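# A look at the structure
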Amino acid sequence: MRILLYNPDNGVTRNFMPHLWMFLLQALTPPGHEVLLIDGNAQPMDETQIAQFVRDQNIGLVGIGAMTRMVARAYRMADAIRATGVPVVMGGPHVTEEADEALGRNGGPRHADAVALGEADETWPQIVEDAVRGELKEIYAPVDDIGKERKPSLNPYPTIPWDKLDLNQFNLVPKILHPLLRNFREGWGTFRIVPVESGRGCPYGCEFCTVTGFFGDSIRFRSNESVVNELLLLKARAHKEEGQIAVFFIDDNFAINVKRTKSLLRDIIAAKAQVFWVAQISANLLRDEELVDLIAASGGKWIFIGMESVDPANLKDVNKGFNKPSEYAAVLERLAKRNIYAISSFIFGMDNDTPGVAERTLQQVRSWPPGLPVFGLLTPLPATPLYKRLEAAGRLTRPRHWLDFVPFTMAHTPLKMTIEEAHVELNYGWAHSYSPEALAQAVAALDDQHVGDRVNIFLARLCFRGIYFPMLRKSSWLRVVVENRRTILRLFREGVFRWMLPRNSASQDSFDAATPKARGEANA
């Protein structure tokens, strides 16, 4: 049987990284079946196109995974696929909490023939075999013999054959730039960011987060050897195709067990398995100097930190009091000293926020080393403690907001400002962090660093700008380039100078060696 695993686009902008679940289920599919992968962020399709693809490729089963913000899109695509007569299985955090919605049991239309609840590592092979026999059940849940939910062990961990997979759809280097980059600098014909997990689960239980509910509050880890071998495989592929690969450790908190994380990073260094990597780590865990040293030595370049707010009262409200805003600056300085920079995430519309919260936040951000600030609105996701609290208080304005997804739009009323005021604050945060002036200031703040570091921060800011101001057309990119032309020209000049400097030095050395007598006379 031919199986399609499909991930819809994220509803905001094209994602920079594929989703791991597709590769995991592909690796877990029983022998004798062919699995095709489509990520809607890399291969945009509408309902007509995906239905035609399913027919043309003789697909017998489709698996769709979707987070809450993607689920309306996922339902539309599932409807189009089911109309061709091909069964659809849906899974992921949203469907796990809203199974009746996906199955049409709550009075709405049915979108899936079956749903996989929770982590599907153990249930996926059974789903495939049932589909082959035409005997799909409606619900598949990972439970033990007495009906208690069971979390899959990560030992042994499925081997994802990264060296053999077709990853062309995930190359972040535009085709038009391939010849230029190959000529300018060897090894940059491709660049991919690949998801890797080293563990699952989070004990913190932040009020707005779905992670603890889905993966549990007990942490499960892969073996160090398993992670190291995966990195070596990815590194070898990049070398073979003369390209670049970076890794995003998608653990919800990569350093939640600091002792274990240090052990893993030491093993990565010992095996020479370093690749550039990104991970999510709480600010409170980055007080450890040895940990930060190991992050730098093992290839860590960007750390995603969920700061959420610079107001301790807000953090206490959402059960994230372990974040200490007074420590943020020291944490970011500690990282910057090792040339590691932060993706700092903030949420507006929290219960203690008032008009002006964006500027108050940016006053802090401007005093820190340059990084990538990102902004969102407090969003009540289904089954989270936040959703239940707001529902009980009658504060939800769009109880099923995911069925009519609108990016960056609130679904409840904040306590100390209006919804419209919250939207203004969000726009202010993005506009004043990603304007040409802000990008120029971020680059200038690194004037004492290598030009490569300044190019890194500039390109990263351009890409993250697209989260709120999508740049999906060539004309959009052209406008951004024109707006930032002064910074681009400055970086280009410095880059060319650095590139030419070794050549000029070599030429001068040759000349000097050939004319020692003349040089001596000039110095006399």
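We now turn to the structure provided with this report.

Rules and cut-offs
Residues numbered from 1 in each chain as written. Predicted model: local features only at pLDDT ≥ 70, side-chain atom pairs only at ≥ 80, totals over all residues. Heavy atoms only, no water. Pairing = 2+ DSSP bridges. Helix = DSSP H or I, 4+ residues; strand = E, 2+ residues; numbered from the N terminus. Contact = heavy atoms within 4.5 Å. Axes fitted to C-alpha atoms, helices over the stretch in contact; angles between N-to-C directions. Polar contact = N/O pair within 3.5 Å; in protein donor to acceptor, adjacent residues only side chain to side chain. Parallel < 35°, antiparallel > 145°, perpendicular 65-115°, else oblique. Left-handed = near helix turned anticlockwise from the far one by under 90°. Buried < 20%, exposed > 50% of the residue type's maximum accessible area, 1.4 Å probe, protein only. Right-handed = clockwise from strand over helix to strand, strands pointing away.

The subject of this paragraph is the sheet that holds strand E3 (residues 61–65). Reading across the sheet, the 6 strands line up as E2-E1-E3-E4-E5-E6 and stay open at both edges, with parallel pairing between neighbours. On the outer flanks of this sheet lie strand E2 (34–39) and strand E6 (139–140), each paired with one strand and no other. For strand E1 (residues 2–7) and E3, the ladder comprises 4 bridges, and the chain directions are parallel. Across the sheet, residue Leu4 finds its bridge partner in E3, namely Val62. Contacting E1, E2 and E3, helix H2 (residues 47–56) crosses the sheet at an angle of about 160 degrees to E1. Together, E1, E3 and strand E4 (88–91) form the strand contacts of helix H3 (residues 71–82), whose direction differs from that of E4 by roughly 165 degrees.

Turning to the sheet that holds strand E7 (residues 191–196), a few remarks are in order. Ordered by their spatial adjacency, 6 strands build an open sheet running E7-E10-E11-E12-E13-E14, and the pairing between neighbours is parallel. The open sheet has two edge strands, E7 and strand E14 (372–377), and neither has a second partner. In this sheet, neighbouring strand axes are inclined to one another by 20 degrees on average, regardless of whether the strands run parallel or antiparallel. The pairing of strand E13 (residues 341–348) with E14 spans 6 bridges and is parallel. For Phe346, the partnering residue across the bridge sits in E14 and is Phe375. Of the strands in this sheet, E13 and E14 touch helix H14 (residues 357–365), which is tilted by about 165 degrees from E13. Here helix H16 (residues 419–433) sits on the sheet in contact with E13 and E14, set at roughly 165 degrees to E14.

Its location among the elements puts Glu101 in helix H5 (residues 99–103). A distance of 2.9 Å separates a polar atom in the side chain of Glu101 from a polar atom in the side chain of His94.

Here we take up the packing of helix H10 (residues 258–270) against helix H11 (residues 289–297). Look at H10 against H11: their axes get within 9 Å of each other, and the N-to-C directions meet at 30 degrees. Between H10 and H11, the angle is such that the two are roughly parallel. Judged by the twist between their axes, the crossing of H10 over H11 is left-handed. Packed against H10, whose contacting residues are Thr261, Lys262, Leu265, Arg266 and Ile269, the element H11 presents Glu290, Leu291, Leu294, Ile295 and Ala297 at the interface.

Attention shifts here to the pairing of strand E10 (residues 244–249). For E10, a buried count of 5 out of 6 residues is recorded, marking the element as mostly surrounded by other parts of the structure. In this sheet, E10 lies alongside E7 in parallel orientation, the contact comprising 6 bridges. Its bridge partner being in E10, Pro195 is matched across the sheet by Phe248. Direction of pairing for E10 relative to strand E11 (residues 277–280): parallel, over a ladder of 3 bridges. Residue pairing across strands places Phe249 opposite Ala279, the latter belonging to E11. Viewed along the sheet, the connection from E10 through H10 into E11 turns out right-handed.

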